[in-house]
Amino acid sequence: MVKSKILIVGGTGYLGKRLVKASLEQGHDTYVLHRPEIGVDIEKIQLLLSFKAQGAHLVSGSFDNHQSLVDAVKLVDVVICAISGVHIRSHQILLQLKLVDAIIQAGNVKKFYPSEFGTDPATMENCIEPGRITFDDKLVVRKAIENAGIPYTYISANCFAGYFVGGLYQPGHILPSRDSVLLLGDGNQKVICVDEDDIATYTIKSVDDPRTLNKSLYIRPPENILSQNEVIQLWEKHIGKELQKSSVSKDEFLAMKKEQNYAEQVGLTHYYHVCYEGCLANFQVADDVEMSKLYPEINYITVYDYLKRYI
């Protein structure tokens, strides 16, 4: 079978660069959209050139230039967008409506992956303010895709391990302490964390799989469905030492959230729903949309092994 040509939008970003790597590794003809003017961002230039050296095609295009998007889309079969929806970086989800317009005009795309890769927005109708903007905007994009009849796949990858595992689920921490840890509530709500490279591998694996067309897929590696207490225990096992533990109640956490700036409030709202309400693991998904079951041949990184890098 001839593998689909893939255009990756946001290819120099946190997840995007991993999608480029996975696409190349899995043998896809890979195109990376980049702005025509990058200024003096030398790291971004060098990253793009490294993609080119590995065989990727660099395509100039901009959300401010509709025709450039159409031209880029016409080069490929599948479009994967990984622009940021995390407010502490930037929140650009609705820019994808311009990409939807370009896909409609081009008329050749077999599948579109919008920038999701987190909590399934369809399950977050009760999300509190201001964090719900993330999910509301993603649903606006979904509606545009489906109204246009564009074939799609939505990826719910739950929590990025770098943000959650590294900080032992503590907001604002990305390195695990060897001394103390703050429990969110009782620390017993189940959370699902996935290595970022594994997210990319699973996503690219699904590109030419007819079973994934017009579906929401969930990455739920069984060994990575762990409470904060369970992750702390794994870390304590690695370092041979017990951490001092304190806790913050639901009400204390919500009061603390209100004192932060807008971007941080959005992120803390997500932590609240994940760690106090267990929103990721409190519902079942079928085997035919759970990616570790669809692709058992992928040896995903367990949380236990992920933690080893911090020792």
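Placed above this text is the structure.
Just so you know, these numbers come straight off a predicted model, no measurement behind them. (Residues numbered from 1 in each chain as written. Predicted model: local features only at pLDDT ≥ 70, side-chain atom pairs only at ≥ 80, totals over all residues. Heavy atoms only, no water.)

Caption draft 1: Structural view of the environment of Ile6. Inspection of the secondary structure puts Ile6 in strand S1 (residues 6–9). When its relative accessible area of 0% is taken as the criterion, Ile6 is described as buried. With 24 residues separating them along the chain, Ile6 and Thr30 place their C-alpha atoms 5.0 Å apart. Residues within four places of Ile6 in sequence aside, it is in contact with Ser23, His28, Asp29, Thr30, Tyr31, Val76, Val78, Ile80, Ile204 and Val207. (Helix = DSSP H or I, 4+ residues; strand = E, 2+ residues; numbered from the N terminus. Buried < 20%, exposed > 50% of the residue type's maximum accessible area, 1.4 Å probe, protein only. Contact = heavy atoms within 4.5 Å.)

Caption draft 2: Here's a closer look at the sheet that holds strand S11 (residues 190–194). One open sheet accounts for 3 strands, arranged S9-S11-S13; its pairing is mixed. Two strands in the sheet have a free side with no partner beyond their single neighbour: strand S9 (159–160) and strand S13 (225–227). Strand direction decides the pairing type here: S11 and S13, joined by 3 bridges, are antiparallel. When the bridges of S13 are listed, Ile192 appears paired with Ile225. (Pairing = 2+ DSSP bridges.)

Caption draft 3: The arrangement of the packing of helix H5 (residues 132–147) against helix H10 (residues 262–275) in detail. Relative to each other, H5 and H10 sit at 85 degrees, their axes nearing to 8 Å. By the criterion of interaxial angle, the relationship of H5 to H10 is roughly perpendicular. Across from Ile133, Thr134 and Phe135 in H5, the residues of H10 making contact are Tyr262, Val266 and His270. (Axes fitted to C-alpha atoms, helices over the stretch in contact; angles between N-to-C directions. Parallel < 35°, antiparallel > 145°, perpendicular 65-115°, else oblique.)

Caption draft 4: Spatial organisation of the pairing of S1. Residues Ile6 and Ile8 of S1 are buried on one face, and the alternating residues Leu7 and Val9, pointing to the opposite face, are buried as well. Where S1 lies against strand S2 (residues 30–34), 3 bridges are found, and the strand directions are parallel. Bridging from a neighbouring strand, Leu7 pairs with Tyr31 of S2. Remark: the S1/helix H1 (residues 16–25)/S2 crossover connection has right-handed handedness. Here 4 bridges tie S1 to strand S4 (residues 78–81), and the two strands are oriented parallel to one another. What sits directly across from Ile6, in S4, is Val78. (Right-handed = clockwise from strand over helix to strand, strands pointing away.)

Caption draft 5: A look at empty space enclosed by the protein. Per the counting criterion, the structure on display carries 1 cavity of 30 Å³ or more. Considered as a void within the structure, the largest cavity measures approximately 30 Å³ in volume. Lining the largest cavity are Glu116, Gly118, Thr119, Asp120, Pro121, Arg142, Tyr154, Ile155, Ser156, Ser216 and Leu217. Those elements giving two or more residues to the lining of the largest cavity turn out to be strand S8 (153–156) and strand S12 (215–218). Tallied by class, residues from the lining of the largest cavity come to 4 nonpolar, 4 polar and 3 charged. (1 Å grid on protein atoms, 1.4 Å probe; cavity = no way out; pocket = protein on both sides within 12 Å on 5 of 7 lines; lining within 4 Å. Points joined across faces, edges and corners; volume = space filled by probe spheres on them. Nonpolar A, V, L, I, M, F, W, Y, C, P; charged D, E, K, R; others polar.)

Caption draft 6: A look at the packing of aromatic side chains. Under the defined criterion, the tally for this structure stands at 9 aromatic pairs. Seen from their ring centres, Tyr218 and Phe283 are 6.0 Å apart, and the 70 degrees between their planes marks the pair as edge-to-face. Of this pair, Tyr218 sits in strand S12 while Phe283 sits in the loop between H10 and helix H11 (291–294), placing them 65 residues apart in sequence. Within the aromatic cluster, the residues linked to one another by ring pairs are Tyr14, Phe160 and Tyr163. Here the basic side chain of Arg18 rests over the ring of Tyr14, its NZ or CZ set 4.7 Å away from the ring centre. The ring of Tyr306 carries the charged tip of Arg309 above its face, separated from the ring centre by 3.6 Å. (Phe/Tyr/Trp six-rings, centres within 6.5 Å; stacked < 30°, edge-to-face > 60°. Lys NZ or Arg CZ within 6 Å of the ring centre and 35° of its normal.)

Caption draft 7: Main features of the sheet that holds S1. Strand order across the open sheet formed by 5 strands is S3-S2-S1-S4-S7, with parallel pairing between neighbours. The open sheet has two edge strands with one neighbour each: strand S3 (57–60) and strand S7 (111–113). Each strand axis lies, on average, 20 degrees off the axis of its neighbour in the sheet, ignoring direction.

Remember, this is a structural readout, not a statement about activity or role.
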